[in-house]
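Structural characterization, general
Residue-level listing of the chains:
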Amino acid sequence: TDCPLYSDAFRRVFTVLKPFIARAGLTPYNVARKRGELKYLLITESTLDGGMMLRFVLRSETKLAQLEAALPWLLAQLPQLKVVSANIQPVHMAIMEGEREIVFTAERALEENFNGVPLWIRPQSFFQTNPQVASQLYATARDWVRALPAKHMWDLFCGVGGFGLHCATPAMRLTGIEIAPEAIASARQSAEMLGLTDVHFQALDSTRFATAQQDIPDLVVVNPPRRGIGEELCEFLSAMAPKTILYSSCNAQTMAKDIRLLEGYRIEKIQLFDMFPHTAHYEVLTLLQRG
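Residues numbered from 1 in each chain as written. Predicted model: local features only at pLDDT ≥ 70, side-chain atom pairs only at ≥ 80, totals over all residues. Heavy atoms only, no water.

In terms of residue burial, strand S13 (residues 283–290) counts as a mostly covered element, since seven of its eight residues are buried. Across six bridges, strand S11 (residues 244–249) lies against S13 in antiparallel orientation. If you follow threonine 244 over to S13, its bridge partner there is glutamine 289. Pairing geometry for strand S12 (residues 265–273) and S13, over eight bridges, is antiparallel. Considered in S13, the bridge of phenylalanine 273 is made with glutamate 283. (Buried < 20%, exposed > 50% of the residue type's maximum accessible area, 1.4 Å probe, protein only. Helix = DSSP H or I, 4+ residues; strand = E, 2+ residues; numbered from the N terminus. Pairing = 2+ DSSP bridges.)

What follows concerns the nonpolar core. Among the nonpolar cores identified, the biggest contains 42 residues, and Leu119, Met153, Phe201, Leu246 and Leu285 are the most heavily contacted of them. At the level of secondary structure, the elements contributing two or more residues to this core comprise strand S5 (110–114), strand S6 (117–121), helix H3 (131–146), helix H4 (162–167), helix H5 (181–194), strand S9 (199–203), strand S10 (219–222) and S13. With seven residues, H3 is the largest single contributor of residues to this core. Sequence-distant contacts of leucine 285, defined by excluding residues within four places in its chain, comprise Leu137, Thr140, Ala141, Trp144, Phe163, Leu246, Tyr247, Ser248, Lys269, Ile270, Gln271 and Phe273. Grouped together as the second largest cluster of nonpolar side chains are 28 residues, Val13, Leu54, Leu67 and Leu71 included. (Core = buried A, V, L, I, M, F, W, Y, C linked by side-chain atoms within 4.5 Å. Contact = heavy atoms within 4.5 Å.)

Turning to the environment of leucine 288, a few remarks are in order. If you trace the backbone, leucine 288 turns up in strand S13. Among the residues examined, leucine 288 registers a relative accessible area of 0% and is labelled buried. Separated by 239 residues in the primary sequence, leucine 288 and aspartate 49 have C-alpha atoms spaced 37 Å apart. If near-sequence neighbours (up to four positions away) are discounted, leucine 288 is found in contact with Lys243, Thr244, Ile245, Ile259, Leu262, Tyr265, Arg266 and Ile267.

It is worth spelling out a negative patch on the surface at this point. A cluster of like negative charges, contributed by Asp205, Glu231, Glu232, Glu235 and Glu263, occupies part of the molecular surface. Within the secondary structure, glutamate 231 sits in helix H7 (residues 230–240). (Patch = residues over 30% accessible without salt bridge, like charges linked within 9 Å, V, L, I, M, F, W, Y side chains within 5 Å. Areas by Shrake-Rupley, 256 points an atom, 1.4 Å probe, with all protein chains shown as cover. Salt bridge = Lys/Arg side-chain N within 4 Å of Asp/Glu carboxyl O. Lys, Arg positive; Asp, Glu negative; His and termini not counted. Charge placed at Lys NZ, Arg CZ, Asp CG, Glu CD.)

Let's shift gears to a nonpolar patch on the surface. Taken together, the side chains of Val91, Met93 and Ile95 make up a nonpolar region of the molecular surface, amounting to roughly 250 Å² of accessible area. Tracing the chain through its elements places methionine 93 in the loop between strand S3 (81–88) and strand S4 (100–103).

Moving on to the sheet that holds strand S7 (residues 152–156). Pairing within the open sheet is mixed, and its seven strands lie in the order S9-S8-S7-S10-S11-S13-S12. The open sheet is flanked by S9 and S12, the only strands paired with a single partner. Averaged over all adjacent pairs, the angle separating strand axes in this sheet is 15°, with direction ignored. Relative to S10, S7 is paired through four bridges, and the arrangement is parallel. Residue pairing across strands places tryptophan 154 opposite valine 220, the latter belonging to S10. The strands touched by H5 are strand S8 (173–178) and S9; relative to S9, the strand with the most contacts, the crossing angle is about 165°. (Axes fitted to C-alpha atoms, helices over the stretch in contact; angles between N-to-C directions.)

Evaluated as defined, the whole model comprises nine aromatic pairs. Geometrically, the ring pair formed by tyrosine 6 and phenylalanine 10 is stacked, given 5.7 Å between the ring centres and 25° between the ring planes. Relative accessible area serves as the criterion here: at 33%, tyrosine 6 is assigned to the partly exposed category. We classify phenylalanine 10 as buried; its relative accessible area is 12%. Pairing phenylalanine 20 with tryptophan 73 gives two aromatic rings, centres 6.3 Å apart and planes at 5°, and the pair type is stacked. (Phe/Tyr/Trp six-rings, centres within 6.5 Å; stacked < 30°, edge-to-face > 60°.)

Printed below as a string of structure tokens:
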């Protein structure tokens, strides 16, 4: 809890969480012994109003009742907690979360806002970890896209829709694809708030969606996990030849491998973003043009 990257708001929460963990009987998980219940605490803070989401990642459901019974005390101490949940991760592996999520609060999503675009953070949905840099990333993508004559955009691996919602205009058709249903629920909520009507967010595998389509857009945005978009999607995009591909990556090595597979494209623009300060990692945004 003494990491200097944490905000002062986090430190105040830590002070209360320490006695609460004991009050709720959440014995920390011991990796060597494979015993204990509390694996992780996941905390997210909104820059919009300081509201927070707190998730307890537990080994089993054994302590759920005790945790829920103790929650009124925690919520009284920390009124900034808007969303509180427990995630069940029973597997003895270095996996951050499991499939089951139990939400204890009436609110199920934390509101955020980047560059005037409302975004919603829900449990089990990916969201950029550095709000200041993420805001600049999305704004740069918006500026690059608005300079293009694009009328139809795919936002693949779209998460909560950050790229697509920043880049879309009322005259543009937007299709956003993301495997996580919670993220798609967030993206749809944001699109409704923005008044965008020709928007279609779906919870599907991005590669399977793309390779099954015949109507190809003139702009494809991809923001894949560290493994990249992969050979199958690269080959499909090379064959179908959208005019522009906007690639955002947290792993420049896999992005470079993908770009080599995207035949017929040249790098038009590229920019680095220090999304992960004090580490060797960074986000990179690349604009690829056909021809």
